[in-house]
Amino acid sequence: MQKQNLILLHGALGSSNSFDSLVPFLSKDFNVLVPDLKWHGRRSTLDSSFSMENLVEDFETILEKENIPSAHVFGFSMGGYVALSLALKRGQFFKKIITLGTKLDWKPEQAEKESKMLNPEKIQEKVPQFAQHLKNSHGKNWMNLCKQTANMMLDLGHNPILTTENIAAIDLPIRLALGDQDHMVSFEETIAFYKSLSKGEFQVFPNCPHPIEKVNPKLLADSILRFLE
């Protein structure tokens, strides 16, 4: 019996390497695909700025080029926003979607707050280990990626793709998951969007901060597998 496709989508400033510890727990049951979205990881480039719409279009292109007619998707943070945005546009690509730590309610003041945390010079000065991690993931483009991601967030604050009104049109099983120690995404916004879903679920992970690298991979994999049964 052929395995179903499961795509893992990384978050902002992340890459396919973000899921190195998660993939082994999922690959027995699924054909796991872990792409780098354009401008990230192995596809890091200085050629242009990008918007959320560009990332959604890139994910659509990946599915078409890989000839994937339908798939389950796990999207972490920004990856969840990309998946849900494409599902709003072309739901036929998807079977089920599960997100973790995805900020869904973007407003100008929130975008301004988040974007300020992506100043590459300050990251290099105050969090040198994280700066080195970004350099290892994205090469010499990491500083530009920070700036462009900040701009993307600011644009999203003024022009969000997803709203509690339009997300109801996604006729798919969707689980919105959140760590109980996530300081980037609020319970209130996640629950508001969950309640708007036609086939929604809501899950809280205990002792779980925002960064995917700090999430227990087996706990996360078990949750994903149960949802996709």
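Everything quoted here is computed from the prediction, not taken from an experiment.

Peer 1: Help me understand the sheet that holds strand β6 (residues 200-205), please; the structure alone is not making it clear to me.
Peer 2: Hydrogen bonds between backbone groups are what pair the strands of a sheet, and the pairing can be parallel or antiparallel. Spatial strand order, β2-β1-β3-β4-β5-β6: six strands in an open sheet with parallel pairing. Looking at the sheet topology across the chains shown, the edges are occupied by β2 (31-33) and β6. Between one strand axis and the next, the sheet turns by 20 degrees as a mean value, whatever way the strands run.

Peer 1: Please explain the layout of surface pockets as it appears in this structure.
Peer 2: Any space left empty among the atoms is revealed by the rolling of a water-sized probe across them. Taken as a whole, the largest pocket encloses approximately 960 Å³ of empty space. Looking at the largest pocket, it is lined by 35 residues, and the ones nearest its centre are Leu13, Phe130, Met184, His210 and Pro211. Only α3 (78-89), α4 (108-116), α5 (120-126), α6 (128-138) and α7 (142-158) provide two or more residues apiece to the lining of the largest pocket. Grouping the amino acids of the lining of the largest pocket by side-chain chemistry returns 19 nonpolar, nine polar and seven charged.

Peer 1: Explain the pattern of salt bridges here, please?
Peer 2: Opposite charge on two side chains permits them to pair, given that their charged atoms come into close proximity. Counted under the stated rule, the structure contains 11 salt bridges. Residues Arg90 and Glu64 are paired through a salt bridge, measuring 2.7 Å at the closest nitrogen-oxygen approach. Of this pair, Arg90 sits in the loop between α3 and β4 (94-100) while Glu64 sits in helix α2 (residues 52-65), and the two are 26 residues apart along the sequence. Residue Lys103 pairs with Glu189 through a salt bridge whose shortest N-O separation is 2.9 Å. In this pair, Lys103 is assigned in the loop between β4 and α4 and Glu189 in helix α8 (residues 187-196), connecting sequence segments 86 residues apart.

Peer 1: It is not clear to me how the pairing of strand β3 (residues 71-76) should be interpreted in this structure. Could you clarify?
Peer 2: For a regular strand, side chains alternate in direction, first toward one face of the sheet and then toward the other. Burial within β3 is extensive, with six of its six residues counted as buried. Because side chains alternate across β3, one face comprises the buried residues Ala71, Val73 and Gly75, and the other comprises His72, Phe74 and Phe76, equally buried. Where strand β1 (residues 5-9) meets β3, four bridges bridge the pair, whose relative direction is parallel. Bridging from a neighbouring strand, Leu9 pairs with Gly75 of β3. Pairing geometry for β3 and β4, over five bridges, is parallel.

Peer 1: Sorry if this is basic, but what is going on with the environment of Asn54 here?
Peer 2: By the element assignment, Asn54 lies in helix α2. Each C-alpha atom of the pair Asn54 and Ile68 lies 20 Å from the other, and the pair is 14 residues apart in sequence. Ignoring sequence-local partners within four residues, the contact set of Asn54 consists of Trp39 and Ser49.

Peer 1: Quick question: what am I supposed to make of unusual backbone geometry here?
Peer 2: Only a minority of non-glycine residues have a phi that is not negative, and only a minority of peptide bonds are not trans. A positive phi angle is found at Ser77, which is not glycine, with a value near 50 degrees. Residue Ser77 is classed as buried on the basis of its relative accessible area, which comes to 7%. Not every positive phi belongs to a glycine, and Asn207 is a case in point at roughly 50 degrees. Topologically, Asn207 is positioned in the loop between β6 and α9 (217-227). Given a relative accessible area of 61%, Asn207 falls into the exposed group.

Peer 1: Please explain the packing of aromatic side chains as it appears in this structure.
Peer 2: How two aromatic rings sit relative to each other is set out by the distance from centre to centre and by the angle between their planes. Counted according to the given criterion, the structure contains five aromatic pairs. Ring geometry for Trp39 versus Phe50: centroids 4.9 Å apart, planes at 25 degrees, classification stacked. You can see Trp39 sitting in the loop between β2 and α2 and its partner Phe50 sitting in the loop between β2 and α2, a full 11 residues away along the chain. The exposure classification of Trp39 matches that of Phe50, with both residues buried. Centre to centre, the rings of Phe93 and Phe94 are 6.4 Å apart; their planes meet at 80 degrees, and the pair counts as edge-to-face. Through a chain of ring-to-ring contacts, the aromatic side chains of Phe59, Phe93 and Phe94 assemble into a single cluster. The cationic tip of Lys96 hangs over the ring face of Phe227; the distance from NZ or CZ to the ring centre is 5.3 Å.

Peer 1: I keep staring at the side chain of His210 and nothing clicks. Help me out?
Peer 2: By the element assignment, His210 lies in the loop between β6 and α9. Its relative accessible area of 16% is what places His210 among the buried residues. Polar side-chain contacts of His210 include one of 2.7 Å to the side chain of Asp182. Setting aside residues no more than four positions away along its own chain, His210 makes contact with Phe76, Ser77, Gly101, Gln181, Asp182, Met184 and Val185.

About the cut-offs
- Residues numbered from 1 in each chain as written.
- Predicted model: local features only at pLDDT ≥ 70, side-chain atom pairs only at ≥ 80, totals over all residues.
- Heavy atoms only, no water.
- Pairing = 2+ DSSP bridges.
- Helix = DSSP H or I, 4+ residues; strand = E, 2+ residues; numbered from the N terminus.
- Axes fitted to C-alpha atoms, helices over the stretch in contact; angles between N-to-C directions.
- 1 Å grid on protein atoms, 1.4 Å probe; cavity = no way out; pocket = protein on both sides within 12 Å on 5 of 7 lines; lining within 4 Å.
- Points joined across faces, edges and corners; volume = space filled by probe spheres on them.
- Nonpolar A, V, L, I, M, F, W, Y, C, P; charged D, E, K, R; others polar.
- Salt bridge = Lys/Arg side-chain N within 4 Å of Asp/Glu carboxyl O.
- Buried < 20%, exposed > 50% of the residue type's maximum accessible area, 1.4 Å probe, protein only.
- Contact = heavy atoms within 4.5 Å.
- Phe/Tyr/Trp six-rings, centres within 6.5 Å; stacked < 30°, edge-to-face > 60°.
- Lys NZ or Arg CZ within 6 Å of the ring centre and 35° of its normal.
- Polar contact = N/O pair within 3.5 Å; in protein donor to acceptor, adjacent residues only side chain to side chain.

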